[in-house]
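# Results of the structural survey
Single-letter residue listing:
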Amino acid sequence: MPNSQFTPGIASGRLSDTELKENFADLHAPLEAHEALVAADRCYFCHDAPCMTACPTSIDIPLFIRQIATGTPEAAAQTIFDQNILGGMCARVCPTETLCEEVCVRETAEGKPVEIGRLQRYATDTVMESGKHPYTRADATGKKVAVVGAGPAGLSAAHRLAMKGHDVTVYDARKKAGGLNEFGIAAYKSVDSFAEREVEWLLKIGGIILETGKALGEDFTLASLQDEFDAVFLGMGLGGVNALRAEGEDKSGVADAVDFISELRQSNDLSSLAVGRNVVVIGGGMTAVDAAVQSKLLGAQNVTIAYRRDKGAMGASQYEQELATAKGVRILYNAAPKKVIGNGAVEGVEFEYTTTEGGKLKGTGETVTLEADQVFKAIGQTLSGAPEELAMDGGKIAVSEVGATSVTGIWAGGDCASGGDDLTVTAVAEGRDAAEDIHSYLMGGA
């Protein structure tokens, strides 16, 4: 008898292939040409547009929408890529509902913003699907730059540096490039191997050598990179996972949410992925929502996100919280994990209800136990293996506004660097800005 949502424990094949295909289809279908024109027509093309100010990469949003409205999506894509070379992925995963679309004049006046994200996807997909790359390299400078990490920050920096004529070598510890875009984004947000195809498209600029399966601190050191290259950019993300700090977290069935998402993203057969009947996800950010929703889409009967603070403090946006509940996920606020229960394997999790007094989180003494055969930890990641030569700030590499570290000739950006808000779009901006500063450094002979 095949497994179902009611099969006890952790099991694969809870849903049919047809159900899984439907569940993991594109979250937001791409716009057709006519739909794009209609959507673009709603834009007021504001002067000093608030949407542009809210965009971390400062894309000229009114301009690219006007270009779509006039039937030139290729020009619109160029406007986007000039500021954000990973504009295709950002159109899919960027929380536009809390950035550009939240401040859209249509949103404030009517409660329905211009669909900026979907319009951006329409434009960028038009160019990428043509197979053409809109940029050519400048004349070779003879300068060499090492980029550590093939995630959004590293790829953004590498492209901008290559475009300016520098020779770039990108190293990544994984066997595949893409970083968070490839391994850490919910599968229903990026379908049809888009992250992989975007990397291939980006590399068409030329001048970039990709070295996968090579990690800083294992296959090379910061000092060796300094000896071989004229400049170094660090964008290796966060490799460590915070501890739950609850009794019994070492029991079988307790896993890191980032590993679960990564495994799902790389799977060619969703029916082979095992998921619990009763799943509890601990955390309040985007990773928690992605893990919870995908557990439900794989066929888990009961899925609960437990977050220690109230709804307003949750890292995941209101939109993401509503998406989770719409998919059947329960969100339990003000619940801090105290103990993972079970004899060897997890059987449940005990939580203590919390309250906030004077800005500090306090337990009320009242507890609740949730039944669980699988628990995912989504309580944040930490930087591991940072070079000792670099100054740190809050557990991350200390950087200036343009990504310069405490050591001359070394820059950093993305999740491994101080500042920012752990968004793909922010990492792209940091990589781009660091590349501009690196270029000035290399050409100025400083």
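A short tour of the structure in this document, coming up.

### Considering the pattern of salt bridges
Counting across every chain of the model gives 19 salt bridges. Arg42 is the partner of Glu110 in a salt bridge, and the nearest nitrogen-oxygen pair spans 3.1 Å. Taken as a pair, Glu110 in helix α7 (residues 105–110) and Arg42 in the loop between α2 (33–40) and α3 (50–54) lie far apart in primary sequence, 68 residues in all. By relative accessible area, which is 43% here, Glu110 ends up partly exposed. The salt bridge involving Glu182 is made with Lys176; its shortest N-O contact spans 3.4 Å.

### Focus on the nonpolar core
Counting 65 residues, the largest nonpolar core has Ile61, Phe64, Ile65, Ile68 and Leu119 as the members making the most contacts within it. If we skip the residues at most four places from it in the chain, Phe64 touches Ile59, Ala76, Thr79, Ile80, Ile116, Leu119 and Gln120.

### With respect to the sheet that holds strand β13 (residues 348–357)
The strand order β12-β13-β14 describes an open sheet built from three strands, whose pairing is antiparallel. Unpaired on one side and paired on the other, β12 (335–341) and β14 (360–371) mark the two borders of the sheet. In this sheet, adjacent strand axes meet at a mean angle of 25 degrees when their direction is disregarded. Relative to β14, β13 is paired through nine bridges, and the arrangement is antiparallel. Note that in β14 the partner of Thr355 across the bridge is Lys362.

### Some details on the side chain of Thr169
Topologically, Thr169 is positioned in strand β3 (residues 167–172). Assessed through its relative accessible area of 11%, Thr169 is described here as buried. Leave out the neighbours within four places in its chain, and Thr169 touches Val145, Ala146, Val147, Ile209, Glu211 and Phe229.

### Thoughts on the sheet that holds strand β7 (residues 254–256)
Taken in spatial order, the five strands of this open sheet run β7-β15-β9-β10-β11, and their pairing is parallel. Either end of the sheet is taken by a strand with one partner, and the two such strands are β7 and β11 (330–332). Neighbour to neighbour, the strand axes of the sheet diverge by 25 degrees on average, direction disregarded. Where strand β9 (residues 278–282) and strand β15 (residues 374–377) come together, four bridges link them in parallel fashion.

### Observations regarding helix α9 (residues 152–163)
Helix length check: α9, at 12 residues, gives a terminal C-alpha distance of 16 Å against a target of 16 Å (1.5 Å per residue), a fit within 8%. The element α9 is largely enclosed, with a buried count of 12 among its 12 residues. Taken together, the buried positions of α9 are occupied by Pro152, Ala153, Gly154, Leu155, Ser156, Ala157, Ala158, His159, Arg160, Leu161, Ala162 and Met163. One or two residues past the end of α9 sits Gly165, with phi positive at roughly 100 degrees.

### Some words on the packing of aromatic side chains
What characterises a pair of aromatic rings is the spacing of the ring centres plus the angle enclosed by the ring planes. A full pass over the atoms with the stated rule returns five aromatic pairs. Geometrically, the ring pair formed by Phe81 and Trp201 is tilted, given 4.7 Å between the ring centres and 40 degrees between the ring planes. In this pair, Phe81 sits in helix α5 (residues 73–83) while Trp201 sits in helix α11 (residues 194–202), placing the two residues 120 residues apart along the sequence. Taken as a pair, Phe81 and Trp201 share a single burial class, namely buried. Each ring, one from Phe260 and one from Phe376, has its centre 4.3 Å from the other, and the planes form 25 degrees; the classification is stacked. Placement of the pair is Phe260 in helix α13 (residues 257–266) and Phe376 in strand β15, with a sequence separation of 116 residues. Relative accessible area serves as the criterion here: at 2%, Phe376 is assigned to the buried category. Grouped by ring-pair contacts, the aromatic residues Tyr171, Phe220 and Phe229 constitute a single cluster. When the ring centre of Phe45 is taken as origin, the NZ or CZ atom of Arg66, which lies over that ring, is 4.1 Å away.

### Re the packing of helix α4 (residues 61–69) against helix α8 (residues 116–128)
Remark: α4 packs on α8, axes separated minimally by 10 Å, with the N-to-C direction vectors making an angle of 60 degrees. One element, α4, and the other, α8, form an angle in the oblique class. For the crossing formed where α4 meets α8, the hand is left-handed. Residues Ile61, Phe64, Ile65 and Ile68 of α4 pack against Ile116, Leu119, Gln120, Tyr122 and Ala123 of α8. Looking at the contact of α4 with α8 residue by residue, the class counts come to eight nonpolar, one polar and no charged.

### Let's talk about the pairing of β12
Sheet topology note: the β12/β13 ladder contains six bridges and is antiparallel. Each residue of the ladder has a partner; that of Pro337, found in β13, is Phe351. Linkage of β12 to β13, two consecutive antiparallel strands, is achieved through a turn of six residues, within which Gly342 is found at a positive phi near 150 degrees.

### Describing the state of the cysteines
The tally for this structure, following the rule as stated, stands at zero disulfides. Free of any disulfide, Cys55 has its nearest cysteine sulfur in Cys100, 6.5 Å distant. Judged by relative accessible area, which is 11%, Cys55 ranks as buried.

Rules behind the numbers
Sequence order as written defines the numbering, with residues in each chain counted from 1. Since the coordinates come from a predicted model, pLDDT governs what is reported: local features require at least 70, and pairs of side-chain atoms require 80 or more to be given and counted, while whole-chain, interface and lining totals use all residues. Based on all heavy atoms of the structure, the side-chain values leave hydrogens and waters out of the count. By definition, a salt bridge exists where a carboxyl oxygen of Asp or Glu is found within 4 Å of a side-chain nitrogen of Lys or Arg. Segments assigned H or I by DSSP are reported as helices when at least four residues long, segments assigned E as strands when at least two residues long, and all are numbered from the N terminus. Think of it in three bands: with a 1.4 Å probe and only protein chains considered, a residue is buried below 20% of the maximum accessible area for its type, exposed above 50%, and partly exposed in between. Residues belong to one nonpolar core when they are buried, are Ala, Val, Leu, Ile, Met, Phe, Trp, Tyr or Cys, and are joined through side-chain atoms within 4.5 Å. Contacts are residue-level and defined by heavy atoms, with any inter-residue pair within 4.5 Å sufficient. For two strands to count as paired, DSSP must find a minimum of two bridges between them. Each axis is a line fitted through C-alpha atoms, taken for helices only over the stretch in contact, and angles between the N-to-C directions span 0 to 180 degrees. A helix is expected to span 1.5 Å multiplied by its residue count minus one. Only the six-membered ring of Trp is used, alongside the rings of Phe and Tyr, when aromatic pairs are assigned; centres must lie within 6.5 Å, and planes under 30 degrees apart are stacked while those over 60 apart are edge-to-face, with the rest tilted. Lysine and arginine charges are scored as sitting over a ring when NZ or CZ, respectively, is within 6 Å of the ring centre and within 35 degrees of the ring normal. Convention used here: angles under 35 degrees read as roughly parallel, angles over 145 as roughly antiparallel, angles from 65 to 115 as roughly perpendicular, and any remaining angle as oblique. Handedness of a crossing is defined here by the sense of rotation of the near helix relative to the far one, left-handed for an anticlockwise turn of less than a right angle and right-handed for a clockwise turn. Each residue is assigned to one class: nonpolar for Ala, Val, Leu, Ile, Met, Phe, Trp, Tyr, Cys and Pro, charged for Asp, Glu, Lys and Arg, and polar for all the others, Gly among them. Counting rule for disulfides: a pair of cysteine sulfur atoms within 2.5 Å.

The values reported here are purely geometric and, on their own, carry no functional implication.
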